[in-house]
Amino acid sequence: MKTLREAKVGQTVQVVKLHGEGAVKRRIMDMGITRGTTVYVRKVAPLGDPIEVTVRGYELSLRKADAGMIETE
């Protein structure tokens, strides 16, 4: 199982499944990250947190903990 947290800068991945429960999962889905969505990893902050991605045409910053809940292929 690969997660968005493990994706490298410049890589495009597709969301397979969202892990997590309740409000956290709902927040990730509200940001536009749902099953089948393609995500492009733009940047990673110098200390590794947060990760900047492009989703559905807009830029989004995710914490590593949240990115670890997003299973990709």
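Below, the structure is looked at part by part.

Rules and cut-offs
- Residues numbered from 1 in each chain as written.
- Predicted model: local features only at pLDDT ≥ 70, side-chain atom pairs only at ≥ 80, totals over all residues.
- Heavy atoms only, no water.
- Helix = DSSP H or I, 4+ residues; strand = E, 2+ residues; numbered from the N terminus.
- Contact = heavy atoms within 4.5 Å.
- Pairing = 2+ DSSP bridges.
- Salt bridge = Lys/Arg side-chain N within 4 Å of Asp/Glu carboxyl O.
- Buried < 20%, exposed > 50% of the residue type's maximum accessible area, 1.4 Å probe, protein only.

The next thing to look at is the environment of Glu21. When you line up the elements, Glu21 lands in the loop between strand E2 (12–18) and helix H1 (22–30). Taking the C-alpha atoms as reference points, Glu21 and Met69, 48 residues apart in sequence, are found 9.8 Å from one another.

Here Thr37 shows up in the loop between H1 and strand E3 (38–44). The residues contacting Thr37, other than those within four sequence positions of it, are Val13, Gln14, Val15, Gly32, Val55 and Arg56.

Judged by pairing direction, the sheet is antiparallel, and its six strands sit side by side in the order E1-E6-E2-E3-E4-E5 without closing on themselves. Bordering the open sheet on either side are strand E1 (2–3) and strand E5 (58–62), each of which pairs with just one other strand. With two bridges joining them, E1 and strand E6 (residues 70–72) adopt antiparallel strand pairing. Across the sheet, Lys2 pairs through a bridge with Thr72, a residue of E6.

It is worth spelling out the pattern of salt bridges at this point. A side chain of one charge can pair with a side chain of the opposite charge when the charged atoms of the two come close. Inspection of the entire model under this criterion finds six salt bridges. Arg26 is paired through a salt bridge with Asp30; the nearest N and O atoms lie 3.3 Å apart. One end of the pair, Arg26, and the other, Asp30, are both in helix H1, four residues apart, so they sit about a helical turn from each other. Here Arg42 ties to Glu52 by a salt bridge, and the two come within 3.0 Å at their closest N and O atoms. Linking Arg42 in strand E3 with Glu52 in strand E4 (residues 51–55), this pair joins segments that are 10 residues apart in sequence. Given the relative accessible area of 33%, Arg42 is considered partly exposed. Residue Glu52 is classed as buried on the basis of its relative accessible area of 19%. Connected through shared salt-bridge partners, Arg42, Lys43, Glu52 and Glu59 make up one network.

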